[in-house]
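Commentary on secondary and tertiary structure
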Amino acid sequence: MTGVRAQGPGGREWTVRVGSEAEHPEALRVFAEAVNVSAQEVVEGERDHPTAEHDRTLLVLDGERIVGTAMACGLRMTMPGGPRPVAGVTGVGVWPTHRRRGVLSAMMRRQLADVRARGEHLAVLWASESGIYPRFGYGMAFHQVRASIQRPHTALRPDAPRDPALTVELAEPDQVRQEMEDLHQRAVPARAGEFVRSPNRWGQLLRERSKPGAGRVRVALVRGPDGPAGYALHRLLGRWGEDLAQGRIEVSDLVSTTPAARVALYEHLFSRDLIAETAFEALPEDDPLTVHLADPRRLVRRGFDGLWVRLVDVPGALSERPYATGVDTVLEVGDRYAPWNAGRWRVRGGPGGARVEAADAAPDLTVDVSHLGAAYLGRRSLTGFVDAGAAVEHTPGAAASVDTALYVPRAPFCSTEF
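A quick note: this is a predicted structure, and the numbers were derived from the prediction, not measured.

Rules of the game
Residues numbered from 1 in each chain as written. Predicted model: local features only at pLDDT ≥ 70, side-chain atom pairs only at ≥ 80, totals over all residues. Heavy atoms only, no water. Disulfide = S-S within 2.5 Å. Core = buried A, V, L, I, M, F, W, Y, C linked by side-chain atoms within 4.5 Å. Buried < 20%, exposed > 50% of the residue type's maximum accessible area, 1.4 Å probe, protein only. Contact = heavy atoms within 4.5 Å. Helix = DSSP H or I, 4+ residues; strand = E, 2+ residues; numbered from the N terminus. Pairing = 2+ DSSP bridges. Axes fitted to C-alpha atoms, helices over the stretch in contact; angles between N-to-C directions. Expected span 1.5 Å × (residues − 1). Parallel < 35°, antiparallel > 145°, perpendicular 65-115°, else oblique. Left-handed = near helix turned anticlockwise from the far one by under 90°.

1. Observations concerning the state of the cysteines
Such a bond, covalent and formed between the sulfur atoms of two cysteines, is termed a disulfide. Evaluation of the coordinates by the stated rule reveals 0 disulfides. Lacking any disulfide linkage, Cys 414 is separated from the closest cysteine sulfur, that of Cys 73, by 10 Å.

Take a look at the structure:
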């Protein structure tokens, strides 16, 4: 498939096609304008630490002018049952004068077909707005948490696990980057939604955290008898008010390989002098901090969207993950943008995997493909969509049965933007 024709302003036509490396800076400028960020910073960041896969960058042209972009990168992401190849969708934007013209729809159709042709069963993305992607079959699969706590309330419980053999050192990111990379890679298999960062992604992350004027960036690194056991990448903001210290620590990346290492990081962050508040940019919903705090109500938490998940190949995606309990159900799936998914599928699965086949039998449950994307990682329920009237249960208890089978005990989390 070489292109998709779409109607532009004034009746003109444009084509969706693959971009070239030479066109990439202009594509990034279109994306930056669409999402209201600095084009210079986006272009410079990609120039210094390139992560783009140019054969996966789609452009919409109005004549010779680029008016839309949709990019993707191949990721190997932790999923229920182990790592899987997924398409990480990114860089999606439409030039402001060309919005509401079908540009995004044309790009999404083309991109889904391309992902399917590559053999990837799933696509994932971070959504700039929650109203955009459900119509393209994406479902918000989990929440993450922003959290903050005031210094007087940071005491941890006496029974929080502590190891006197652990020490904490403070370092510049460049000094301990290799240790950070190794620790993050070791932690990735424990959480659905995580993926191993490439060296260039590390470069982008550290560049973003070290912007001038954003505060001093430091790493608290925990070491034990067997080597590094955790780190907290954070920035320190010195503030004063009415002659009193009002400093703030903002933690952007927190990794530990043992419970005691995590407690050591918490206690280091909470004990810094002249700090009035410690904030965490992103934590899993089930982060141990709520267990260890002596007064957990004092932790101010605000949930936000985690990854949005799209089943590009319904039978492929449903068959490659394990199920917590036995399940045998017929799903009727609606899918406007990937018609090869639409229809009835019998799912027979258990802890060892599943077999998914086209079915003629009456459905037990009718869902949109976006509902399956939301439920796929095991922490959002199809029952909720049934209760809302968005999905239809034909066999009583069918949604609850599938929810139980999909459940995973540890909340998904993704610590890396892409």
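2. Focus: the nonpolar core
For soluble globular proteins, the rule of thumb is that nonpolar side chains tend to be buried together. Residues Leu 311, Leu 318 and Leu 382 are the most contacted members of the largest nonpolar core, which totals 41 residues. In this structure Leu 318 touches Leu 311, Tyr 323, Leu 331, Val 347, Ala 354, Val 356 and Tyr 376, once residues within four positions along its chain are discounted.

3. Examining the pairing of strand S3 (residues 58-62)
The element S3 is extensively covered by neighbouring structure, given that 5 of its 5 residues are classed as buried. Covered by surrounding structure in S3 are Leu 58, Val 60 and Asp 62 together with Leu 59 and Leu 61, the residues of both alternating faces. Both S3 and strand S4 (residues 65-79) contribute to a ladder of 5 bridges, which runs antiparallel. When the sheet's bridge partners are listed, Leu 59 is paired in S4 with Thr 69. Hairpin connection from S3 to S4: 2 residues lie between these consecutive antiparallel strands, with Gly 63 at a positive phi of about 70°.

4. Concerning the sheet that holds strand S19 (residues 343-350)
Taken in spatial order, the 5 strands line up as S20-S19-S18-S21-S22 in an open sheet, and their pairing is mixed. Pairing within the sheet leaves two strands with one partner each, and these edge strands are strand S20 (353-358) and strand S22 (392-393). One ladder, built from 6 bridges, connects S19 with S20; its direction is antiparallel. Bridge pairing links Arg 348 to Arg 355 in S20. Contacting strand S18 (327-334), strand S21 (365-368) and S22, helix H11 (residues 398-406) runs over the sheet at an angle of about 105° to S18.

5. Topic: the sheet that holds strand S16 (residues 300-305)
Here we have 7 strands laid out as an open sheet, ordered S9-S10-S11-S14-S15-S8-S16, and mixed in their pairing. One side of each edge strand has no neighbouring strand; the edge strands of this open sheet are strand S9 (167-171) and S16. Each strand of the sheet is rotated relative to its neighbour by a mean of 25°, with strand direction disregarded. Here 9 bridges tie strand S10 (residues 216-224) to strand S11 (residues 227-237), and the two strands are oriented antiparallel to one another. Considered in S11, the bridge of Arg 216 is made with Leu 236. Along the sheet face, helix H4 (residues 177-187) touches S10, S11 and strand S14 (247-256) and points at about 110° away from the line of S11. The strands touched by helix H6 (residues 259-270) are strand S8 (143-150), S9, S10, S11, S14 and strand S15 (275-284); relative to S14, the strand with the most contacts, the crossing angle is about 170°.

6. Some remarks on H6
Along its 12 residues, H6 runs 17 Å from first to last C-alpha, staying within 8% of the 16 Å computed at 1.5 Å per residue. For H6, a buried count of 10 out of 12 residues is recorded, marking the element as mostly surrounded by other parts of the structure. Listed in full, the buried residues belonging to H6 are Ala 260, Ala 261, Arg 262, Val 263, Ala 264, Leu 265, Tyr 266, His 268, Leu 269 and Phe 270.

7. Regarding the packing of helix H1 (residues 24-35) against helix H2 (residues 39-48)
It is at 9 Å that the axes of H1 and H2 come closest, and there the two elements cross at 140°. One finds that H1 runs oblique with respect to H2. The handedness of the crossing between H1 and H2 comes out as right-handed. Along its contact with H1, which presents His 24, Pro 25, Leu 28, Arg 29 and Ala 32, the element H2 presents Ala 39, Val 42, Val 43 and Glu 46.

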